[in-house]
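Here is how the chains run, residue by residue.
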Amino acid sequence: MTATLEVSEGVGTLRLDRPPMNALDSATQDRLRELAEEAGRRDDVRAVVLYGGEKVFAAGADIKEMQAMDHAAMVSRAKALQDSFTAVARIPKPVVAAVTGYALGGGCELALCADIRIAADNAKLGQPEILLGLIPGAGGTQRLARLVGPSRAKDLIFTGRMVRAEEALAIGLVDRVVPAAEVYEQAHAWAAKLAQGPAIALRAAKEAVDAGLETDIDTGLTIERNWFAGLFATEDRERGMRSFVEEGPGKAKFV
């Protein structure tokens, strides 16, 4: 298998497993889509960690595979490539990327599909496609600009340069930098904490933020309002408010 999904205590670890650099060939892309959809469906998966192993997250696309493709072949493949990453971005549960080593090209684009990114202090991220005479094709021109702003995204995309963890943190490309040995542990701890939270409310929060970013503020507020009111029909809302009144904040046990 080029990727696996392992589940423990509500956390699904979606792990890339294509040594030595986790190059994202077509088979790996298709497998990512399958596992992302599975993680979204499974009730025992309440949060997800994206992980490439201790040494590397993903060094990018499989260049040898792409070199053999002509225009017609890539026209046929490009939609499937984007769909595989979009499936990860649309997992209706909290997703954290545990970034070790290189996260370049498609690897960086995959990390962008997570809700937050925890990076090793030796991590290097970037979109080097321009050095191949290309642009990012798995969401990099869109998700990167939305995350760090258009000017910073253009700098990274135009130059193809890699950024170290400290700069990635400073520009908002990652959210936390930790010692390399602690990346997966801290990512799993973040996911495990949210796995105990109110699943429907977490899904609502994620969809409201993501959908709101794609539209005007009035439509975004409508999306928020509909989700907010709808959550009053859930058992978790009843439990959360009852616990707050009777025991104080932060003590509710959700179903």
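Residues numbered from 1 in each chain as written. Predicted model: local features only at pLDDT ≥ 70, side-chain atom pairs only at ≥ 80, totals over all residues. Heavy atoms only, no water.

Undergrad: Looking at this structure, how should I read the sheet that holds strand β4 (residues 95-99)?
TA: Working definition: the strands of a sheet are paired by backbone hydrogen bonds and lie parallel or antiparallel to each other. If you walk across this open sheet you meet the six strands as β1-β2-β3-β4-β6-β9, and the pairing is mixed. Here the strands that pair on one side only, and so sit at the sheet edges, are β1 (3-8) and β9 (176-178). Sheet twist, expressed as the mean angle between neighbouring strand axes with direction ignored, is 20 degrees. Two elements, β1 and strand β2 (residues 11-16), share six bridges in a ladder whose sense is antiparallel. Paired with V7 across the bridge in β2 is G12. (Pairing = 2+ DSSP bridges. Helix = DSSP H or I, 4+ residues; strand = E, 2+ residues; numbered from the N terminus. Axes fitted to C-alpha atoms, helices over the stretch in contact; angles between N-to-C directions.)

Undergrad: Hey, could you run me through the packing of aromatic side chains in this one?
TA: Here a ring pair, both rings aromatic, is described through the centre-centre distance and the interplanar angle of the planes. Counted by the stated rule, this structure contains two aromatic pairs. Measuring from centroid to centroid gives 4.7 Å for Y51 and Y184, while their planes differ by 35 degrees, and the two rings are tilted. Separated by 133 residues along the polypeptide, Y51 in strand β3 (residues 47-51) and Y184 in helix α8 (residues 183-195) bring together distant segments of the chain. Plain terms: the ring middles of F228 and F232 are 5.6 Å apart, the flat faces sit at 75 degrees to each other, and that makes the pair edge-to-face. (Phe/Tyr/Trp six-rings, centres within 6.5 Å; stacked < 30°, edge-to-face > 60°.)

Undergrad: What am I meant to see in the packing of helix α9 (residues 199-213) against helix α10 (residues 217-230) here?
TA: To characterise two packed helices, one gives the angle between the axes of the helices and the distance between these axes. Put simply, α9 and α10 touch, their axes get as near as 9 Å, and they point 170 degrees apart. Regarding the angle of α9 to α10, the classification is roughly antiparallel. Residues I200, A204, E207, A208, A211 and G212 of α9 touch α10, and the partners they reach there are G220, I223 and W227. Taken together, the residues of the contact of α9 with α10 sort by class into six nonpolar, two polar and one charged. (Parallel < 35°, antiparallel > 145°, perpendicular 65-115°, else oblique. Contact = heavy atoms within 4.5 Å. Nonpolar A, V, L, I, M, F, W, Y, C, P; charged D, E, K, R; others polar.)

From the geometry alone we can't say anything about function, so treat these as descriptive.
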